[in-house]
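The primary structure of each chain is shown beneath.
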Amino acid sequence: MIKGRHLIEVNDFTLDEIEDLLNFADRIIQNQAKYSELCKGNLIATLFYEPSTRTKFSFESAALRLGAQVIGFADAMTSSVSKGESLIDTIQTMACYVDLIVIRHPKEGAPRLASKYSQVPIINGGDGGHHHPTQTLTDLLTIRSLKGTLSNLTIGLCGDLKFGRTTHSLTKTLLRYPNVNFIFISPQELKIPEYIKDEIGKERYLETDSLDNSIGDLDILYMTRVQKERFFSEEEYLRLKGYYILDQRKMKMARKDMIVMHPLPRVNEIATEVDTDERAVYFKQARYGMYVRMSLIAKMLGKGE
Ligand code: CP
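Notes on the structure follow. (Residues numbered from 1 in each chain as written. Predicted model: local features only at pLDDT ≥ 70, side-chain atom pairs only at ≥ 80, totals over all residues. Heavy atoms only, no water.)

## Thoughts on the sheet that holds strand β6 (residues 180-185)
Strand order in this open sheet of five strands is β7-β6-β5-β8-β9, and the pairing throughout is parallel. If you trace the sheet from one side to the other, it starts and ends with β7 (205-208) and β9 (259-261), each paired once. Each adjacent strand pair in this sheet contributes to an overall mean axis angle of 20°, direction not counted. Alignment of strand β5 (residues 153-158) against β6, held across six bridges, turns out to be parallel. Bridging from a neighbouring strand, Gly-156 pairs with Ile-183 of β6. Contacts from helix α5 (residues 133-147) reach β5, β8 (220-223) and β9 within the one sheet, and its direction differs from that of β9 by about 165°. Sheet contacts for helix α6 (residues 165-174): β5, β6 and β8; angle to β5, the most-contacted strand, approximately 165°. (Pairing = 2+ DSSP bridges. Helix = DSSP H or I, 4+ residues; strand = E, 2+ residues; numbered from the N terminus. Axes fitted to C-alpha atoms, helices over the stretch in contact; angles between N-to-C directions. Contact = heavy atoms within 4.5 Å.)

Take a look at the structure:
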């Protein structure tokens, strides 16, 4: 039961709980109208201390599609944060008003801190370069729906694997499924952190800086953008942002059944000419994100089937 619990990182949930969430998301996809009033009378808050399109609006549309209502901010400086109010005081106040809080914050660990002071469930909508658990749930639902399994897969994660929190969360979660192997494709400067590699174990991953040499081996290519907001130097960002550009030429080297995922936003790492390739599923992925968040909200409020 995930009712009343917090979601700070995906590993807060067991595999059975994750499967239960994905199964309910499937039922919502099959009959959305059935659940349109499931959370009527509930109020959720979206507190975004950092910009967002998908996470914020997919949570808000998910809540509205379940009949719940939503309040919150997209710019903390429109709240009393601008007067110096602490995160802890903001959370303790908002928990007086709503049934569930979604928070995105640039500081790693902020949602965990918030959860210690909240009387209502906290969902981490992304904290710095740390975790993004609902993106991972989105990715799992996408992979399971389009590949039919979460096991026996080779996934290539490409781009900024140092700062990209989505790749950290996804890797740590897929590691829990049998026979999932990883190819980490990044420039030397943006390699996946050592602590994640230590958790995986050497026999399950390869590292390379060549997308051309590895794309043909993949069931899933998970592209990421270089995280401009986490660089200290503009010059370094500009040097690395064009390192990988997935285009039609590279797609010709991929398997016919490989899928291309991306958490979005995209900057220039996937050429728009790839969008019409049926293997490009990143906008479908964004839609799965709304369904899995519907499932999550309902279950955290104790209303899911
Ligand atoms: N994937 C993702 O987190 O997108 P946003 O930053 O737009 O929420």
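Back to the text.
## A few points about the packing of aromatic side chains
Counted by the stated rule, this structure contains six aromatic pairs. Ring geometry for Tyr-49 versus Phe-73: centroids 5.3 Å apart, planes at 80°, classification edge-to-face. Of this pair, Tyr-49 sits in the loop between β1 (43-48) and α2 (54-65) while Phe-73 sits in strand β2 (residues 69-73), and the two are 24 residues apart along the sequence. Comparing Tyr-49 with Phe-73 shows no difference in burial state: the two are buried. For the ring pair Tyr-243 and Tyr-244, a centre distance of 4.9 Å and an interplane angle of 65° mean the geometry is edge-to-face. With a relative accessible area of 8%, Tyr-244 lands in the buried category. Three or more aromatic residues joined by ring pairs make a cluster, and in this case those are Phe-182, Phe-184 and Tyr-205. (Phe/Tyr/Trp six-rings, centres within 6.5 Å; stacked < 30°, edge-to-face > 60°. Buried < 20%, exposed > 50% of the residue type's maximum accessible area, 1.4 Å probe, protein only.)

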